[in-house]
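Here's the letter readout for the chains.
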Amino acid sequence: MEYLLTTDSLTKIYHGKPAVNRVSMNISKGEIYGLIGRNGAGKTTLMKMICGLAAPSAGDFTLFGKRGAERVKMMRRVGALIEAPGIYANLSAADNIHIKALAFGVKNSAQKEKELLELVGLGGVGKKAAGKFSLGMRQRLGIAMALVADPELLILDEPINGLDPQGIAEVRDVLHRLNAERGITIIISSHILEELAKVATSFGIINNGVMIEELTREQLMAKCSSHIDISVSDINKAADVLQEMGFNNFRLVGENTIGIFERTNESAQITLAMAKAGLWVYSICTHSEALEDYFLKLTGGVGNV
Amino acid sequence: MFDLIRSNLFLMKKSRSTYIMTIIAIATTAITILSNALLIALLHEPAEDNDDENGVSVTMTADYEDATSDDPTMTGTVGTLMNAANKNSYSAADILTMMTSGMNLLLPLSIYLVIFANSDSKNGYIKNLGGCVARRKIVLAKLICSAVYTIFAMLISWGVSMAIAKAVIESKCKVDVVFGSGEDFAKALGIQLLSHITIAAVIIMVIMITRSTAVSIAFGVALSSGIPTLLYQVADMVLHKYVDISDDFSIADYVPSNAITGFSPAQDSDTTTRMIVVCVIYLVIATVIGIAAMKKKDIR
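Cut-offs and rules
- Within any chain, residue numbers begin from 1 and follow the written order of that chain's sequence.
- Each chain takes a letter, starting from A, and each ligand takes a number, starting from 1, following the order in which they are written.
- Where totals are concerned, whole chains, interfaces and linings use all residues; where local detail is concerned, this predicted model gives features only for residues with pLDDT of at least 70, and gives and counts side-chain atom pairs only at 80 or more.
- Water and hydrogen atoms were dropped before computing side-chain values, which therefore reflect all heavy atoms in the structure.
- Under the DSSP-based scheme used, a helix requires at least four consecutive residues in state H or I and a strand at least two consecutive residues in state E, with every element numbered from the N terminus.
- Whether two residues are in contact is decided by their heavy atoms, any of which lying within 4.5 Å being enough.
- In this analysis, the expected span of each helix is defined as 1.5 Å times one less than the number of residues it contains.
- Here the term buried applies to any residue with accessible area under 20% of the maximum for its type, exposed to any over 50%, and partly exposed to those in between, with areas from a 1.4 Å probe on protein chains only.
- When DSSP finds two or more bridges between a pair of strands, those strands are recorded as paired.
- Once two parts are brought into contact, the accessible area they lose, counted with a 1.4 Å probe and summed over both, makes up the buried area.
- Whenever two N or O atoms come within 3.5 Å, that pair is a polar contact, provided that in protein one can donate a hydrogen and the other can accept it, and provided that, for residues adjacent in sequence, both atoms are side-chain atoms.
- Lys, Arg, Asp and Glu make up the charged group, whereas Ala, Val, Leu, Ile, Met, Phe, Trp, Tyr, Cys and Pro make up the nonpolar group; the residues left over, Gly among them, are polar.
- Lines are fitted to the C-alpha atoms to define the axes, a helix being fitted only along its stretch in contact, and any angle between axes, read from their N-to-C directions, falls within 0 to 180 degrees.
- Roughly parallel means an angle under 35 degrees; roughly antiparallel, over 145; roughly perpendicular, 65 to 115; everything else is oblique.
- Definitions for this section: a left-handed crossing has its near helix turned counterclockwise from the far helix by less than a right angle. A right-handed crossing has that turn clockwise.
- Buried Ala, Val, Leu, Ile, Met, Phe, Trp, Tyr and Cys residues that are joined via side-chain atoms within 4.5 Å together make up what is termed a nonpolar core.
- In this scheme Phe, Tyr and Trp rings, the latter by its six-membered ring, pair at centre separations within 6.5 Å, and the angle between planes marks the pair as stacked below 30 degrees, edge-to-face above 60, and tilted otherwise.
- Two conditions define a charge sitting above a ring: the NZ of Lys or the CZ of Arg must be within 6 Å of the ring centre, and it must be within 35 degrees of the ring normal.

A. Geometry of the overall build of chain B. On a plain count of helices and strands, chain B comes out with 12 helices and 2 strands. Taking the intrachain contacts of chain B between residues at least 6 apart in sequence as the baseline, contacts between residues at least 24 apart amount to 78%.

B. Focus on helix 5 (residues 135-146) of chain A. Residues and elements named next belong to chain A. Helix length check: helix 5 (12 residues) gives 17 Å between terminal C-alpha atoms against 16 Å at 1.5 Å per residue, within 8%. Helix 5 sits mainly inside the fold: 10 of its 12 residues count as buried. Within the span of helix 5, buried status applies to Gly136, Met137, Gln139, Arg140, Leu141, Gly142, Ile143, Ala144, Met145 and Ala146.

C. Geometry of the pairing of strand 9 (residues 210-216) of chain A. Residues and elements named next belong to chain A. Judged from the 6 bridges that link them, strand 8 (residues 202-207) and strand 9 form a sheet pairing that is antiparallel. Counted as the bridge partner of glycine 204 is glutamate 214 from strand 9. What sits between strand 8 and strand 9 in their antiparallel hairpin is a turn of 2 residues, with asparagine 208 showing a positive phi close to 50 degrees.

D. Highlighting the interface of chain B and chain A. Facing the 25 residues of chain B at the interface are 30 residues of chain A. In this assembly, chain B packs against chain A so that about 2,300 Å² is buried in total across both faces, 55% of it on carbon and sulfur atoms. Taken together, the connections running from chain B to chain A amount to 11 residue pairs in polar contact (both at pLDDT 80 or more). For the side of chain B that touches chain A, the elements supplying multiple residues, two or more each, are helix 1 (2-14), helix 5 (106-123) and helix 6 (126-129) of chain B. Broken down by class, the residue content of the side of chain B that touches chain A amounts to 8 nonpolar, 8 polar and 9 charged.

E. The arrangement of the packing of helix 9 (residues 235-244) of chain A against helix 10 (residues 267-276) of chain A in detail. Residues and elements named next belong to chain A. Between helix 9 and helix 10, whose axes approach to 10 Å, the crossing angle comes to 125 degrees. In terms of orientation, helix 9 lies oblique with respect to helix 10. As for the relative orientation of helix 9 and helix 10, their crossing is right-handed in sense. Residues Ala238, Val241 and Leu242 of helix 9 lie in contact with helix 10, whose contacting residues are Ile270, Ala273 and Met274. Here the residues of the contact of helix 9 with helix 10 are counted per class, giving 6 nonpolar, no polar and no charged.

F. Region of the structure containing the nonpolar core. By size, the foremost hydrophobic cluster in this structure holds 128 residues, and its most contacted members are Met25, Leu46, Leu141, Leu154, Ile155 and Leu175 of chain A. The element best represented in this core is helix 8 (residues 182-210) of chain B, accounting for 10 residues. In this structure leucine 46 of chain A touches Leu10, Val20, Val23, Met25, Leu35 and Ile206 of chain A, once residues within four positions along its chain are discounted. Counting 34 residues, the second largest nonpolar core, distinct from the first, contains Leu105, Trp158, Leu193 and Met275 of chain B.

G. Fine view of the side chain of serine 91 of chain B. All names here are of chain B. Position of serine 91 relative to the elements: it lies in the loop between strand 1 (89-90) and helix 4 (92-101). On the accessibility criterion, serine 91 (15% relative accessible area) is buried. Not counting residues up to four positions away in its chain, the partners in contact with serine 91 are Val178, Phe179 and Gly180.

H. Quick look at the packing of aromatic side chains. In total, this model carries 8 aromatic pairs over all chains according to the counting rule given. Relative to tyrosine 125 of chain B, the ring of tyrosine 88 of chain A lies with its centre 5.0 Å away and its plane at 40 degrees, an arrangement referred to as tilted. Of this pair, tyrosine 88 of chain A sits in the loop between strand 5 (78-81) and helix 3 (93-103) while tyrosine 125 of chain B sits in the loop between helix 5 and helix 6, which puts the two residues in different chains. The exposure classification of tyrosine 88 of chain A matches that of tyrosine 125 of chain B, with both residues buried. For the pair phenylalanine 249 of chain B and tyrosine 254 of chain B, a centre-to-centre distance of 5.4 Å together with 20 degrees between the ring planes defines the contact as stacked. Note on tyrosine 254 of chain B: relative accessible area 38%, which makes it partly exposed. These aromatic residues form a ring-pair network of at least three members: Tyr112, Phe116, Tyr149 and Phe152 of chain B. Looking at lysine 100 of chain A, its charged tip hangs above the ring of phenylalanine 104 of chain A, at a distance of 5.2 Å from the centre. It is lysine 142 of chain B that lies over the ring of phenylalanine 116 of chain B; its NZ or CZ is 4.3 Å from the centre.

Next comes the structure, spelled out in structure tokens:
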């Protein structure tokens, strides 16, 4: 598997306290990697180190397989939006993009400006000064600027901050298209897990500077979706009963407990079928864990839920 | 690097502050030249009989920090004027020296350069570049564009000053204002540009170290005022008291601003060489420190 980015015990210490503490992660080409964490968890600091805006206190990382001075040359293949977009408030959206296009030696920048503004939904802003944009418009301009040099890796720090639901949906759509049509690998951070879950293909959960879990979308959904836990006297016979009922998505989750991950509204029918098959049903309950609850449980928030 | 320079020049072109500060620079230098020209006209007027009833004559003398009664090349603002008052014609070099010697161009230039050089950090635009472009190139591009602006502002201010000087001095004093010696003008322009660009580099160094617009502007304004002169005088007093050095030695001779306030078109080549060397040394050191400061700090 080709890893675009690997970090090896990446650490950043401010005033003696680690903001990022020995974070190791791997991001494959073509992924949309969601970095989730509370405010102050270390997401932005981690992204700043990857973007070259902050020097790591310890650890290292490779970008496109390169380290050190070679890695610096690879930075041109990275586009980033870190914290608030860095834009000139007195210039128009097109001029802001033009400045960056000039700095990166992008040819045909007029065509590029038009294309990018259309892509992020700012095609009609004309000569309006960027300082007069709404927060959502500024965020979109920031995303457009991150795309100026046709990056292969896009790093977006809370890009949906300040966007209305339509804006969030549009950004989600843009990211999907960038990933699907241009093959751009994306690292996106947010503390809105529900939204991130709709766009990311894998996740890293960071808390107090430490990466506490990395998982794919399927793993996350499996952990968070509602399911039925049934404890019975004979697991094998129970499995046969479930198969006869047409259940496919179930597995052993405990010594005599089966977790059923589909048709979770049929607990009554399941109990009856088990009884008819002569099985003792010790307990049956339906669990439903929201993504947010899972996240809070992991990060120790709201009394660990 | 060339791309970065183009980008910064585009930013300069699009920024309102470029035009506002250029107008202010032209206005301050124009006012300086106008007032100097009027004073020159006054000094050219025939002297009235000012003997008192006892037959004692009263004459004016210039009282300025660089005055040496037996030095024929008088410097400083008043010294330049006094020199100018004795002339039969005024050259482009004279006008340029008059225009810059009071630091009147340096003040608006300093303020503008702080606004320009710090704008990327202030509005966060630097985050678009910081990881992808070598930090030394960012600093060098700012310095080169600052130099370009300095050349532009000085030339345009000089052009306006020549026009005012010609209009006022020729009509009031019946004395010609001419371009004069190209060599003298090139020397004056070269020294003034070098000294102003050197101070620009020092200001950019302060910006890179402090990342503060307020501190940098305060520094630039202080440099353009008489404050450093007082400090140099105090330092000279201390040095002359405790160190065995020549009576002629002055710290003020070894700072770039001396090339602005202390320059005279008629100065000898040793003085010119000293001014150039001092400016080049300060320029190089300020650039190196500015780049180091930019590299060392995280971009916030």
